[in-house]
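Okay, here's what each chain looks like letter by letter:
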There are 2 protein chains.
Amino acid sequence: MSDTELPEMLAPEQDELDEDDRLRPEFVDAVLDAVRAGDDEEARALVEPLHPADIADLFELTPHEDRAGLARALKDLLDGDVFAEMNDYVREDLIDALTPTEVADIASELDTDDAVAIIEDLEEADQRAVLRALDPDDRAAIEEALSYPEETAGRLMQRELIAVPDHWTVGDVIDFLRHHEELTTDFWEIFVVDAGHHPVGTCQLSWILRTPRSIAIGDVMKREQTLIPVDMDQEEVALRFQKYALISAAVVDASDRLVGMITVDDIVHIIQQEAGEDALRLSGAGEGDINEPIRFTVRTRIAWLVVNLGATMLSASVVGLFQGEIARFALLAALMPIVSALGGNAGTQTLAVVVRALATNQLTSSNTLRMLAREFQIALCNGGALGLVGAVGSYVILGNLQLSIVFAIAMVINSIVAGLVGVIVPVALDKANVDPAVSSAVFVTTATDVMGFFSFLGLASLWGLGG
Amino acid sequence: MSDTELPEMLAPEQDELDEDDRLRPEFVDAVLDAVRAGDDEEARALVEPLHPADIADLFELTPHEDRAGLARALKDLLDGDVFAEMNDYVREDLIDALTPTEVADIASELDTDDAVAIIEDLEEADQRAVLRALDPDDRAAIEEALSYPEETAGRLMQRELIAVPDHWTVGDVIDFLRHHEELTTDFWEIFVVDAGHHPVGTCQLSWILRTPRSIAIGDVMKREQTLIPVDMDQEEVALRFQKYALISAAVVDASDRLVGMITVDDIVHIIQQEAGEDALRLSGAGEGDINEPIRFTVRTRIAWLVVNLGATMLSASVVGLFQGEIARFALLAALMPIVSALGGNAGTQTLAVVVRALATNQLTSSNTLRMLAREFQIALCNGGALGLVGAVGSYVILGNLQLSIVFAIAMVINSIVAGLVGVIVPVALDKANVDPAVSSAVFVTTATDVMGFFSFLGLASLWGLGG
């Protein structure tokens, strides 16, 4: 594609991306066509200008069976940064095709946290082979990281950081940074430590740059720091970064010694992932990773569907209790799903709000009762309004006043049940340390199904509607 | 609370927070009790050690009617940072009680983006009054920000940034930063601009600190930069920060001139919010803000429930078509909700995955067909398995072979419908530039309800089960 064909483009490298920073399908096809035609040079020429994150995306958008060929064609472009940006399953696909030495080469280019992300998913034997191929310093750092549980700060942190003693001046710090080639260049703050390597303060680089050389670093640094315990769960780390607007933070061990650093760019995708997981968990879709092998996806989803099948059978048995009424008055069967469905919808609304509020620490013991009162009021308003609409609508269509009144009362009852259960279930699960996003929905919809059928059919029976 | 009473505590300031960084309910109660007893001094003493983010949380956890009293007691502690961290509705509550001059005082302490966040929600007249009370420089910056549409980069950016000409040396940059008191201290990168104020490169502060004074800044900076157009939607800005792991980015106007800077700490809460919105939007719960006045919440949720009421009536009318069969064989009424509910559950799983994949740019035109094939396979597996379980279960309980076969076939059909509709609906809405998270669910559940009832009752009728 030449520039003359696309005169409206400002920069030639924008040709590969659409307005949402996604790789254009025509571009992906062009690369894959070149690979399939054996024209590796053309494929490399096309991909070369891309950012590592976009090369990683290219592999994700490539069908499974073409990935090995693409990797062969792009060999020189596949550096650690590309692997670090890649979806776990797609990365495993590629790593499987590499030798331990090749994996070790890639890992050694990376900061500890990214290297760990690549190595932690390998099988035991492959992991040992890769670790043996690493140089001793890298190996020690990665082995130490792997000794912490998955999804904790210890796995997320990098060992590469700048720590200076508190008696240094700003000038000492600058000279140290200028004269030590081997130091990392990826840092946004430096940590000031005492003789026992305990962090005593944090200093933004901008403060160092704005201060005369003669001033002591201890007078520039901020003493109130947010420290991250090395065994802290990554979700808590993410909330802490977010709450205190951190760019980087010192990680400390059990004796409060500085052992690593976490930077916000490693946290951003965790924040995104943890926040986005609610929708997936509420629906029982597991991690919802579209690159996951199908057999894993089937297994996750079917477990949830079978639990729901059991729950639906429970509500079906409630309907079964009223077979006589239904046989005598089949219209009941047409209206009863409306009552249960609307209860389910209202319950899901409340549930989504409560799960989100719990996940973001906005709902605590201090305001649970207020939340319950709030949802009760909302349920009363919504149930009343829907009951009215439903009653009028069903009366106009069916002309049976008693039926319409029963229909309306059942909707109000079920709306209130939905509002209360939608708060109580997730809060109770959270208190019991069960993830409310994973387990709440089935309880809530079972409650609204059962109460929907029972209140509607029961009232109809009491009123003699099927009699 | 003295240290001797709580010997297990490491730091006294941790008393107010639980292990998840949430304010303890006992602490909130202690503060509110002090305020209610008129002991403002005690309340101030308790709150003083808190981080601004925690003071903001305290106001969110305080019931509406106590907030004004708390604000009076904590007057001196309520600075711009506290307001910047506060939930919009809670902030409005407090701002309403302040004079324009007081609001202007708070706003002038803040970077443009935070000041704009406070001022943009005020009523027209209050906004003008606050703007008049600001000093001319602040006013101009805020008025310019307000001229950009809400939720765009123009509203998010701050004007306070460091831009230097490309002919300067590292030494020039350091001297400039040291000798200009009025410059911002909140920056992580500096921008290098040409004579026309167009950004030509970005330079991390760590690179400046590691480079000798004599080197030209043009030799240190990175030329490939990710620039943010001033009118870019905040969701796109968030995705760009995430994809390219940015800490800060230059914002440019239509003629590519540098007009502002966005830093990642302002993006983190947008990432969190946008990712978390899926669950809320899929359930029709709107923004799901627990501090929103109830009348707004009722309005948002009821709109969704009424749409669903209409959709459920459609599926009820399908049931109505088979009244004769149901009257003759009321068991059909007990089993039919199982078929529709499981279709609904399976459809919601697919929907949650697809909506997430669209939101994170993982699902594009390049892999839509692959996604559809994937979900079809999953639906076939899950539908088959559930159909088998359902058929065996219902045969054991009810002993009607024909009924069980019809039940199983209907489940397979509905599972496939769920999988296909769960992909096609959100992808089509996304192509039509409609938010798939907001509008998909009602289409998907209507499809699975209608197809669930129709396939089950229709097959039963064909087979003469209600005959």
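Residues numbered from 1 in each chain as written. Chains lettered and ligands numbered in written order. Predicted model: local features only at pLDDT ≥ 70, side-chain atom pairs only at ≥ 80, totals over all residues. Heavy atoms only, no water.

## Remarks on the overall build of chain A
Scanning chain A from N- to C-terminus turns up 21 helices and 6 strands. Viewed in the frame of its principal axes, chain A has a C-alpha envelope of about 95 × 60 × 50 Å. Burial statistics for chain A: of 467 residues in total, 56% are counted as buried. Within chain A, residue pairs in contact and separated by at least 24 positions form 64% of the contacts whose partners lie at least 6 positions apart. Both charge centroids of chain A, one from 30 positive and one from 79 negative side chains, sit 7 Å from each other. (Helix = DSSP H or I, 4+ residues; strand = E, 2+ residues; numbered from the N terminus. Buried < 20%, exposed > 50% of the residue type's maximum accessible area, 1.4 Å probe, protein only. Contact = heavy atoms within 4.5 Å. Lys, Arg positive; Asp, Glu negative; His and termini not counted. Charge placed at Lys NZ, Arg CZ, Asp CG, Glu CD.)

## A few points about the sheet that holds strand β3 (residues 199-204) of chain A
Residues and elements named next belong to chain A. Spatial ordering of the open sheet is given by β1-β2-β3, a layout of 3 strands whose pairing is mixed. At either end of the open sheet lies a strand with only one pairing partner, and these are β1 (163-165) and β3. When strand polarity is set aside, the average angle formed by the axes of neighbouring strands in this sheet is 30°. Summarising the sheet, β1 and strand β2 (residues 189-193) pair through 3 bridges and their orientation is parallel. Bridge assignment links A163 to a residue of β2, and that residue is F191. (Pairing = 2+ DSSP bridges. Axes fitted to C-alpha atoms, helices over the stretch in contact; angles between N-to-C directions.)

## Some words on the UniProt feature "transmembrane region" (unreviewed entry) in chain A
Here the UniProt feature "transmembrane region" (unreviewed entry) sits at residues 302-323, 329-355, 376-398, 404-429 and 441-465 of chain A. Across residues 302-323 of chain A, helical content stands at 95% and strand content at 0%; the span's end C-alpha atoms are separated by 30 Å. (UniProt positions renumbered as here; feature names shortened; annotations may be inferred.)

## Describing the relation of the copies chain B and chain A
Once turned by 180° and shifted 0.0 Å along the axis, chain B lies on chain A with an RMSD of 0.1 Å. Taken together, the rotation and translation relating the two chain copies correspond to the operation of a two-fold axis. Interface residue correspondence from chain B to chain A reaches 98%, placing this contact among same-surface, isologous pairings. (Least-squares fit on C-alpha atoms with pLDDT ≥ 70 in both.)

## Details of a nonpolar patch on the surface
Residues and elements named next belong to chain A. Judged by side-chain polarity, Y395, L401, I405, I409, I413 and W463 come together as a nonpolar surface patch covering roughly 510 Å² of accessible area. In terms of residue count, the dominant contributor to the nonpolar patch is helix α20 (residues 401-431) (4 residues). Locating I413 in the fold gives a position in helix α20. A relative accessible area of 32% means that I413 is categorised as partly exposed. (Patch = residues over 30% accessible without salt bridge, like charges linked within 9 Å, V, L, I, M, F, W, Y side chains within 5 Å. Areas by Shrake-Rupley, 256 points an atom, 1.4 Å probe, with all protein chains shown as cover. Salt bridge = Lys/Arg side-chain N within 4 Å of Asp/Glu carboxyl O.)

## What to know about the interface of chain B and chain A
With 129 residues of chain B at the interface, the matching set in chain A holds 129 residues. For chain B, the biggest contributors to the area lost against chain A are L209(B), R210(B) and I290(B); these three give 8% of the whole. Seen at the junction of chain B and chain A, the total is 8 salt bridges. Across the salt bridge formed by K243(A) and D54(B), the nearest N and O atoms sit 2.3 Å from each other. Linking chain B with chain A are 42 residue pairs in polar contact (both at pLDDT 80 or more). Residue contributions to the side of chain B that touches chain A peak at 17 residues, all from helix α19 (residues 331-359) of chain B. Split into classes, the residues belonging to the side of chain B that touches chain A amount to 63 nonpolar, 36 polar and 30 charged. (Buried area = accessible area lost by both parts, 1.4 Å probe. Polar contact = N/O pair within 3.5 Å; in protein donor to acceptor, adjacent residues only side chain to side chain. Nonpolar A, V, L, I, M, F, W, Y, C, P; charged D, E, K, R; others polar.)

## A closer look at the pairing of strand β2 (residues 189-193) of chain B
Residue and element names in this part refer to chain B. Extensive coverage of β2 is indicated by the burial of 5 of its 5 residues. Burial of the side chains of β2 extends over both faces: E189, F191 and V193 are buried on one face and I190 and V192 on the other. Crossover strand β1 (residues 163-165) to β2 through helix α12 (residues 170-179) is right-handed. Here β2 runs beside strand β3 (residues 199-204); their pairing, made up of 5 bridges, is antiparallel. Among the inter-strand pairings, F191 is bridged to a residue of β3, identified as T202. The loop that links β2 with its antiparallel partner β3 comprises 5 residues; one of these, H197, has a positive phi angle of about 65°. (Right-handed = clockwise from strand over helix to strand, strands pointing away.)

## Structural notes on helix α15 (residues 264-282) of chain A
All names here are of chain A. In a regular helix each residue adds 1.5 Å, so 19 residues correspond to 27 Å; α15 covers 28 Å between its end C-alpha atoms and thus fits that length. Maximal helix bending in α15 amounts to about 30°, located at G276. Counting buried positions along α15 gives 15 out of 19 residues, so the element sits mostly inside the fold. Where α15 ends, the next residue or the one after it, G284, has phi of about 75°, a positive value. (Expected span 1.5 Å × (residues − 1). Bend = angle between axes of the 7 residues up to and from the residue.)

## Looking at empty space enclosed by the protein
This structure, assessed with the given rule, holds 8 cavities of 30 Å³ or more. Volume-wise, the largest cavity comes out at about 1,000 Å³. Along the wall of the largest cavity there are 43 residues; nearest its centre are N345(A), T348(A), T445(A), N345(B) and T445(B). At the level of secondary structure, the elements contributing two or more residues to the lining of the largest cavity comprise α15, α16 (294-321), α18 (331-359) and α21 (436-462) of chain A together with α16 (264-282), α17 (294-321), α19 and α22 (436-462) of chain B. Partitioned by chemical class, the residues of the lining of the largest cavity number 22 nonpolar, 19 polar and 2 charged. Around the second largest cavity sit Q272(A), E235(B), A238(B), L239(B), Q242(B), I270(B), I271(B), E274(B), A275(B), R356(B) and A359(B), which together line it. If you list the elements that add at least two residues to the lining of the second largest cavity, you get α15 (234-243), α16 and α19 of chain B. (1 Å grid on protein atoms, 1.4 Å probe; cavity = no way out; pocket = protein on both sides within 12 Å on 5 of 7 lines; lining within 4 Å. Points joined across faces, edges and corners; volume = space filled by probe spheres on them.)

## Looking at the nonpolar core
Grouped together as the largest cluster of nonpolar side chains are 134 residues, with contacts concentrated most on F59(A), I262(A), F59(B) and I262(B). Residues within four places of F59(B) in sequence aside, it is in contact with R67(B), L70(B), A71(B), L74(B), L78(B), M86(B), V90(B) and L94(B). (Core = buried A, V, L, I, M, F, W, Y, C linked by side-chain atoms within 4.5 Å.)

## Brief notes about the pattern of salt bridges
Taken as a whole and assessed by the stated rule, the structure comprises 40 salt bridges over all chains. For D121(B), the salt bridge identified is with R91(B), shortest N-O distance 3.9 Å. In this pair, D121(B) is assigned in the loop between α8 (112-119) and α9 (124-133) and R91(B) in helix α6 (residues 88-95), connecting sequence segments 30 residues apart. Assessed through its relative accessible area of 29%, D121(B) is described here as partly exposed. Each of D18(A), D20(A) and R22(A) takes part in one network of salt bridges that share partners.

## With respect to the packing of α15(A) against α18(A)
Residue and element names in this part refer to chain A. Contact geometry for α15 and α18: axes closest at 11 Å, N-to-C directions at 140°. Helix-helix and strand crossings are classified by hand; for α15 and α18 the assignment is right-handed. Between α15 and α18, the contacting residues are A275, D278 and L282 on the first element and L351, A352, V355, R356 and A359 on the second. Its residues assigned to classes, the contact of α15 with α18 comprises 6 nonpolar, no polar and 2 charged. (Left-handed = near helix turned anticlockwise from the far one by under 90°.)

## Looking at the packing of helix α7 (residues 100-108) of chain B against α9(B)
All names here are of chain B. Relative orientation of the contacting elements α7 and α9 amounts to 60°, with a least axis distance of 8 Å. By the criterion of interaxial angle, the relationship of α7 to α9 is oblique. By crossing handedness, the relation of α7 to α9 is classed as right-handed. Contact residues: α7 offers P100, T101, V103 and A104, while α9 offers A129, V130 and A133. A per-class count over the contact of α7 with α9 returns 6 nonpolar, 1 polar and no charged. (Parallel < 35°, antiparallel > 145°, perpendicular 65-115°, else oblique.)

## Overview of a negative patch on the surface
Residue and element names in this part refer to chain A. On the surface, D39, D40, E41 and E42 cluster together to form a negatively charged patch. Looking at the secondary structure, you find D39 in the loop between α1 (25-36) and α2 (40-47). The class of D39 is partly exposed, set by a relative accessible area of 36%.

## Let's talk about the sheet that holds strand β5 (residues 248-252) of chain B
Two orientations exist for strands paired in a sheet by backbone hydrogen bonds: parallel and antiparallel. All names here are of chain B. Reading across from one edge, β4-β5-β6 is the order of the 3 strands in this open sheet, with mixed pairing throughout. Strands at the two margins of the open sheet, each flanked by one partner only, are β4 (228-229) and β6 (258-263). Across 5 bridges, β5 lies against β6 in antiparallel orientation. Within β6, the position partnered with A249 by the bridge is I262.

## Concerning the environment of V339(B)
Residues and elements named next belong to chain B. If you trace the backbone, V339 turns up in helix α19. Linking V339 and E150, residues 189 residues apart in sequence, is a C-alpha distance of 44 Å. If near-sequence neighbours (up to four positions away) are discounted, V339 is found in contact with F407, A410, M411, N414, G452 and F456.

## Let's talk about the packing of aromatic side chains
Scanning the entire structure with this criterion turns up 6 aromatic pairs over all chains. An angle of 70° between the planes, with centres 6.0 Å apart, marks the rings of F407(A) and F456(A) as edge-to-face. With F407(A) in helix α20 and F456(A) in helix α21, this residue pair connects regions lying 49 residues apart in the sequence. Residue F407(A) is classed as buried on the basis of its relative accessible area, which comes to 0%. For F456(A), a relative accessible area of 0% translates into the label buried. Consider the rings of W168(B) and F176(B), whose centres lie 5.2 Å apart with planes at 70°: the pair is edge-to-face. (Phe/Tyr/Trp six-rings, centres within 6.5 Å; stacked < 30°, edge-to-face > 60°.)

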